[in-house]
Amino acid sequence: MGYAIRTENLIKRYKDKTAVDGLTLSVEEGELIALLGVNGAGKTTTVKMLTCLTKPSGGKAEIMGIDISADPDGVKRLVGVSPQDTSVAENLTVKENLEFMTGIYLPADRTEAVVSRAIESFGLGEFSNKKAKLLSGGYKRKLSIAMAIIGEPKVLFLDEPTLGLDVLARRQLWREIEALKKDMTIVLTTHYMEEAQALADRIVIMNEGSVMAVGTLDELENMTGKKGLEDVFVSIAERME
Amino acid sequence: MRRTMVFAKRNLIEVFRDPLSWIFCIAFPIVMLIIMSIVNSTIPKEAGNTMFRIDNLAGGIAVFGQMFIMLFTAIAVAKDRSGAFLTRLYSSPMKSSDFVWGYILPMLLTAVIQVCISLTASVVISLISDYSLSIAGLLLTAAAVIPSALMFSAIGFLFGTFFNEKAAPGICSIIISLGSMLGGIWFDVEGVGGIMLKIGRCMPFLYATRVARSAISLDLGVKEFLIPLGVVVIAAAVLTVLASIVFKSRMHADQR
């Protein structure tokens, strides 16, 4: 199996601040990787660079073998993004939002089938004719993720997908994300330890723009001699200070 | 093209589902048409003031209504820019031209509907006030004001790209006030002359009003119709190109 994402010394600088400092990472196709870190760790900036929303200041990155700097249009056809803030068209219904996104990525004759499938798999049936602005936070997030996958991306980026959700809505969304794992490579940013632990094949611990550690939970536990991701994280963070 | 139309459809739905667009784009110009017609009926004939007579008023109101199209274009663009919705779309295969025409086309359609409604209301008022309007003139007006609709949409797009959700409506309100005064919608700028006329001639609004009024009265001379129409067409083209360039550079700036 090939690599879905490869980055080499990827850097992003904003004037005097370095948001991402030399990120080198490989993600296999079909893998779910969690970028874990506190606010300002560089998780969102990494996602922005990999989805061509912001240009790297240095280094190199490829999505499915396509260079993000050389062919951003090619990359944009392969990725789906669910941004940190819920980004739906508020006055459109759930169905209209999904039809809109389908229209951007896929031919018209596939719209009906693809939208019906997304509504069914995300359990949005009873809300399909409801305006997005009237949905609860949890269902808005579901819609946002459904909009991100409707173009059938090879790589899906979920930026803090469960931020601000209650525990039940979060668990429900985890199940939806789990179900997507078999179909695409997923990069998920989060600062919830249990989320990374529950969903990720591998975890990337970031701090101040740099990668502190990468590995499966077992590998990270062995590396630090701690049990559970929270203790692993604290151990790595303390080692840095 | 498909992406442009898909985005245009989304924006059209957003406009039609916002009650404020109905109030400001459709109801308010008609209310002004009715109020000014009542004002006209109270002006003695000896005064010789024909500014609010329905043939003059209909053209003025058609342009006045389009100024609210500018406001709604600015709000739509600024609102999308302030949220994460455009972020999602920037990461999609949409090009800057899809965004530009996706915002402008639904506003043009709204403007055409708005003009048709306000001209129909003008016909009703003309029948009540016993002043006949030429149907050919009305049809010509509906077509002749399309360039000014594009011009106002482009101005709105420009403001929505430059300013945030709070500032853009304020700037547009200033333009609506200035444009309706210097555009000669509420008083005869050419009769007033002086500095008002000089400033008015430097802006496209006066020409837009003149196109609409000349079309209604089928006064299609070079000075009365063709030159003002040419000025509006050039202004619309320049502003649309400028708006496209500014949006594209903003899009790239956001990606730095």
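Cut-off values and rules
Residues numbered from 1 in each chain as written. Chains lettered and ligands numbered in written order. Predicted model: local features only at pLDDT ≥ 70, side-chain atom pairs only at ≥ 80, totals over all residues. Helix = DSSP H or I, 4+ residues; strand = E, 2+ residues; numbered from the N terminus. Rg over C-alpha atoms; globule rule 2.2 N^0.38 Å. Domains from an automatic or database assignment. Contact = placed C-beta atoms within 7 Å. Nonpolar A, V, L, I, M, F, W, Y, C, P; charged D, E, K, R; others polar. Pairing = 2+ DSSP bridges. Axes fitted to C-alpha atoms, helices over the stretch in contact; angles between N-to-C directions.

(A) View of the overall build of chain B. If you tally the helices and strands in chain B, you get 12 helices and 0 strands. Counting from the amino terminus, helix and strand elements in chain B follow one another as α-α-α-α-α-α-α-α-α-α-α-α. On C-alpha atoms alone, chain B measures out to a radius of gyration of 19 Å, which is about the 18 Å that the 2.2 N^0.38 rule sets for 256 residues. Expressed as lengths along the three principal axes of its C-alpha atoms, the size of chain B is roughly 65 × 35 × 30 Å.

(B) Expanded view of the domain arrangement of chain A. All names here are of chain A. Domain parsing of chain A yields domain 1 (3–78 + 154–240) and domain 2 (87–152). Here the C-alpha centroids of domain 1 and domain 2 sit 25 Å apart. Across the contact, 10 residues belong to domain 1 and 8 residues belong to domain 2. Listing elements by their share of the side of domain 1 that touches domain 2, those giving two or more residues are β7 (155–159) and α6 (167–180). It is α6 that contributes the most residues to the side of domain 1 that touches domain 2, 5 residues altogether. Across the side of domain 1 that touches domain 2, the residue classes tally to 7 nonpolar, 2 polar and 1 charged.

(C) Inspection of the sheet that holds strand β2 (residues 17–28) of chain A at higher detail. Residue and element names in this part refer to chain A. The 4 strands lie next to each other as β2-β1-β4-β5, forming an open sheet whose pairing is antiparallel. With partners counted over all chains shown, the strands left at the sheet margins are β2 and β5 (66–67), one partner each. Pairing of strand β4 (residues 58–63) with β5 involves 2 bridges; the strand directions are antiparallel. Its bridge partner being in β5, E62 is matched across the sheet by D67. Helix-sheet contacts for helix α1 (residues 43–50) involve β1 (3–14), β2 and β4, and the interaxial angle to β2 is about 65°.

(D) Quick peek at the interface of chain A and chain B. Contact residues are listed per partner, giving 21 residues for chain A and 20 residues for chain B. Contributing elements (two or more residues each) for the side of chain A that touches chain B: α2 (72–76), β6 (79–82) and α3 (94–105) of chain A. Here the side of chain A that touches chain B takes 4 residues from α3 of chain A, the largest share from any one element. Here the side of chain A that touches chain B is composed, by residue class, of 9 nonpolar, 6 polar and 6 charged.

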